[in-house]
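For reference, the chains in residue letters:
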Amino acid sequence: MKFIMKNLFFKALNIEETDKLMIRRFAKTTGIPIERLSYYNRFNIIPSGKDLLQICDAAGITEIELFLKMGVIDSRILSLIKENADQISQIIQKTDIEKDEFPAIPPLVRNTNCGKLYQGDCLDLMQHMDDDCVDLIFADPPFNLNKLYPSNIDDNLKSEEYLRWCKQWLDKCIRILKPGGSLFIWNLPKWNTYLSEYLNHRLTFRHWISVDIKYTLPIKGRLYPSHYSLIYYCKGEKPNTFHPDRLPMDICPHCVGDLKDYGGYKNKMNPDGINLTDVWFDIPPVRHKKYKKRNGSNELSIKLIDRIIEMASDEGDLVFDPFGGSGTTYAVAEIKKRKWIGIEIGPVDGIIDRLDNIGDDAEYLAKIRKEINCLITNRDLKRRIDRGWWTPDSVRKENIKFKKVAK
Ligand SMILES: C[S@@+](CC[C@H](N)C(=O)[O-])C[C@H]1O[C@@H](n2cnc3c(N)ncnc32)[C@H](O)[C@@H]1O
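Fair warning: this is a prediction, and the values are worked out from it, not measured in the lab.

### Points about the side chain of D155
Mapped onto the elements of the fold, D155 is located in the loop between β3 (134-139) and α9 (159-176). Within polar-contact distance, the side chain of D155 engages the backbone nitrogen of N144 at 2.8 Å. Once residues within four sequence positions are removed from consideration, D155 is found in contact with P142, F143, N144, L145, N146, K147 and Y149.

Now the structure itself:
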């Protein structure tokens, strides 16, 4: 049995979404403008205050019935569910909902030293994967922004349908994730608020990472959207692996001087770099022709994937990404000697080509890694010495001198 979650608000009120006359009449009876009723319907928002009373009154239903029909569970309903769990579970068993079908395994299209690439639907592939087998999952699903993908998937679903689909693949990801394994979801903040709420009941929240990238033009009446959200969860209390990279301190690109004061504690700063925070400013959008592996705007930066793989996996661990795209995760996993499983529902030639020419990505990755895990990069170090700025070495020597004088 499949639930189609569309127009739940109007459905709860027994109103056809296309029946303009009925909607107009309902608006008149309740005194609520049509635009506001449509807003409740479009975004599946529960009305509140006077609207709620008037709507329930006019439709002849109780508040609880409206909540349930719209699929929203508040604390009162939750307590009732808990109290009546026996009866409710019996009803659920009888209705036989959500029995997973067992689809055929999607075709394997590429085998590499470390990984396996499949072509097909990730839901089907995950159905064939064992419980608790993956160390790290990174997922960058379509954002439901009505984009045209080479796979021609429908990227313009109703919000409820999109979220329902996300919860389907998340359930499977959670099942195949090892205890102590990590899950990262890359999405717009709007969608990740819902996915976080879902995951908070199933995994342990680690971080909401904001990645500073501008992705649209400014929108009238809104703040300028300038970050993607990367949510990070682990299965069980603690992740098995956690070694975040450290970053160089901020330096003026012109005079190579300090951009921040760091509280005047130069001598306490770790020469291996600054602690990674949950706001990432240094992830570039992929624009460079040499590093852009396919047309369209969905390819992620190698730097982003490298940071995640480094933080939450070790060599030999198994990495899974259900949404292949241009294969960024698979390329980085291959270079970093992680085992990996990948799948893409659309064309896979781009991914295969990328894996066959892994040298390009390896070269770029080596460049990226040279510039982290140090307080000042080698390139800037020389320039700072020339201009008489402090360096970790000069601070250390000064400290030793000071201690000698203090004696
Ligand atoms: C946002 S892109 C991923 C981009 C990727 N992270 C990269 O760096 O290239 C999402 C991809 O998921 C694919 N996709 C959508 N639904 C899928 C499904 N059910 N199974 C597998 N792939 C799917 C789309 O065709 C698209 O290429």
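There is more to say after this.
### Thoughts on the domain arrangement of the chain
Parsing the chain into structural domains produces domain 1 (8-95) and domain 2 (108-247 + 282-370). Taking only C-alpha atoms into account, the centre of domain 1 sits 36 Å from that of domain 2.

### What to know about helix α3 (residues 34-43)
Those residues of α3 lying buried are L37, Y40 and N41. One side of α3 holds all its buried residues, which, seen down the axis, span an arc of 95°. The inward-facing, buried residues of α3 abut α1 (8-12), α2 (20-30), α4 (49-59) and α9. With its phi angle positive at about 50°, N44 sits one or two positions after the end of α3.

### Remarks on the environment of R222
You can see R222 is positioned in the loop between β5 (204-212) and β6 (227-234). The exposure class of R222 is exposed, given its relative accessible area of 56%.

### Things to note about the nonpolar core
Proteins that are soluble and globular tend to have nonpolar side chains buried together. Within the largest apolar cluster, 70 residues are counted, with the highest numbers of intra-cluster contacts made by W169, W186, L230, W280, L304 and F320. Considering every element that reaches this core, the biggest residue donor is α9, with 8 residues. Setting aside its immediate chain neighbours within four residues, W280 contacts I209, S210, V211, D212, L230, L304, R307, I308 and M311. Counting residues in hydrophobic clusters, the runner-up holds 21 residues, among them F9, F10, C56 and F67.

### Regarding the sheet that holds strand β1 (residues 108-111)
Spatially, β1-β2-β9-β8-β3-β4-β6-β5-β7 is the arrangement adopted by the 9 strands of the open sheet, whose pairing is mixed. Single-partner strands in this sheet number two, and they are β1 and β7 (279-280). Against the sheet, helix α10 (residues 189-199) engages β4 (177-187), β5 and β6, with an angle of about 15° to β6. Packing against the sheet, helix α11 (residues 302-312) makes contact with β3, β4, β5, β6 and β7, and its axis sits at approximately 155° to β3.

### Describing the packing of aromatic side chains
Two aromatic rings are characterised by how far apart their centres lie and by the angle between their planes. Summed over the entire model, instances satisfying the criterion amount to 16 aromatic pairs. Ring plane angle 75° and centroid distance 5.5 Å describe the contact between F205 and Y233, whose orientation is recorded as edge-to-face. Within this pair, whereas F205 is found in strand β5, its partner Y233 is found in strand β6, the two being separated by 28 residues in sequence. The class for Y233 is buried, based on a relative accessible area of 1%. Three or more aromatic residues joined by ring pairs make a cluster, and in this case those are Y162, W165, W169, W191, Y194 and F323. Here K190 stacks its cationic end above the ring of W191, 4.3 Å away from the centre of that ring.

### Topic: the environment of P141
Tracing the backbone through its elements, the reader meets P141 in the loop between β3 and α9. The spacing of P141 and D250 is 109 residues in sequence and 32 Å in space, taken between C-alpha atoms.

### What to know about the site of the ligand
Close to the ligand lie 23 residues; D140, S151, S326, T328 and E344 are nearest. Taking D121, its side chain carries an N or O atom lying 3.0 Å from a nitrogen atom of the ligand. Here C122 contributes a backbone N or O atom positioned 2.9 Å from a nitrogen atom of the ligand. When the ligand is considered free in solution it has 610 Å² of accessible area, and contact with the protein chains removes 98% of it.

### So, the state of the cysteines
Enumeration over the complete set of coordinates arrives at 0 disulfides. No disulfide involves C114; its sulfur sits 16 Å from that of C133, the nearest cysteine. In this structure C133 is not part of a disulfide, and its nearest cysteine sulfur, from C173, lies 11 Å away.

### Observations concerning α11
Across the 11 residues that make up α11, a large majority, 11, are buried. Within α11, burial applies to I302, K303, L304, I305, D306, R307, I308, I309, E310, M311 and A312. Between the side-chain oxygen of the N-cap and the backbone nitrogen of K303 there are 3.0 Å, and the N-cap of α11 in question is S301.

### Structural notes on unusual backbone geometry
Positive phi is not limited to glycine here, since N14 has a value of about 60°. Note that N14 resides in the loop between α1 and α2. The residue K337 is not glycine, and still its phi comes out positive at about 60°. Looking at the element boundaries, K337 is found in the loop between α12 (328-335) and β9 (339-344).

The rules we used
Numbers given for residues are sequential positions, taken from 1 along each chain in its written order. Local features are withheld for residues below a pLDDT of 70 in this predicted model, meaning they are given only at 70 or higher, and side-chain atom pairs are given and counted only at 80 or more; totals for whole chains, interfaces and linings count all residues. The side-chain quantities take in all heavy atoms of the structure and omit both hydrogens and water. Working definition: helices are DSSP H or I runs of at least four residues, strands are E runs of at least two. Numbering for both runs from the N terminus. Think of a polar contact as two N or O atoms within 3.5 Å of one another; within protein, one of them needs to be a possible hydrogen donor and the other a possible acceptor, and neighboring residues in sequence only count if both atoms come from side chains. Should any heavy atoms of two residues lie within 4.5 Å, those residues are considered in contact. Where each domain starts and ends comes from a domain assignment, either automatic or drawn from a database. Only protein chains enter the accessibility calculation, which uses a 1.4 Å probe; a residue is then buried when its area is under 20% of its type maximum, exposed when over 50%, and partly exposed in between. Each C-beta atom gives one direction from the helix axis, and the arc is the one those directions make. For this analysis, a nonpolar core means a set of buried residues of the types Ala, Val, Leu, Ile, Met, Phe, Trp, Tyr and Cys, connected via side-chain atoms within 4.5 Å. Pairing between two strands is assigned when DSSP locates at least 2 bridges connecting them. All axes are obtained by fitting lines to C-alpha atoms, using only the stretch in contact for helices, and the reported angles, taken between N-to-C directions, cover 0 to 180 degrees. Classification of ring pairs uses Phe, Tyr and Trp, with its six-membered ring standing for Trp, and accepts pairs whose centres are within 6.5 Å; under 30 degrees between planes counts as stacked, over 60 as edge-to-face, and the remaining range as tilted. Only Lys NZ and Arg CZ are tested; either one counts as a charge over a ring when it is within 6 Å of the ring centre and within 35 degrees of the ring normal. By convention in these notes, a residue is near a molecule or strand provided one of its non-hydrogen atoms lies within 4 Å of it. Using a 1.4 Å probe, the Shrake-Rupley method yields the accessible areas, and only the shown protein chains count as cover for residues. Any two cysteine sulfur atoms lying within 2.5 Å of each other are counted as a disulfide.

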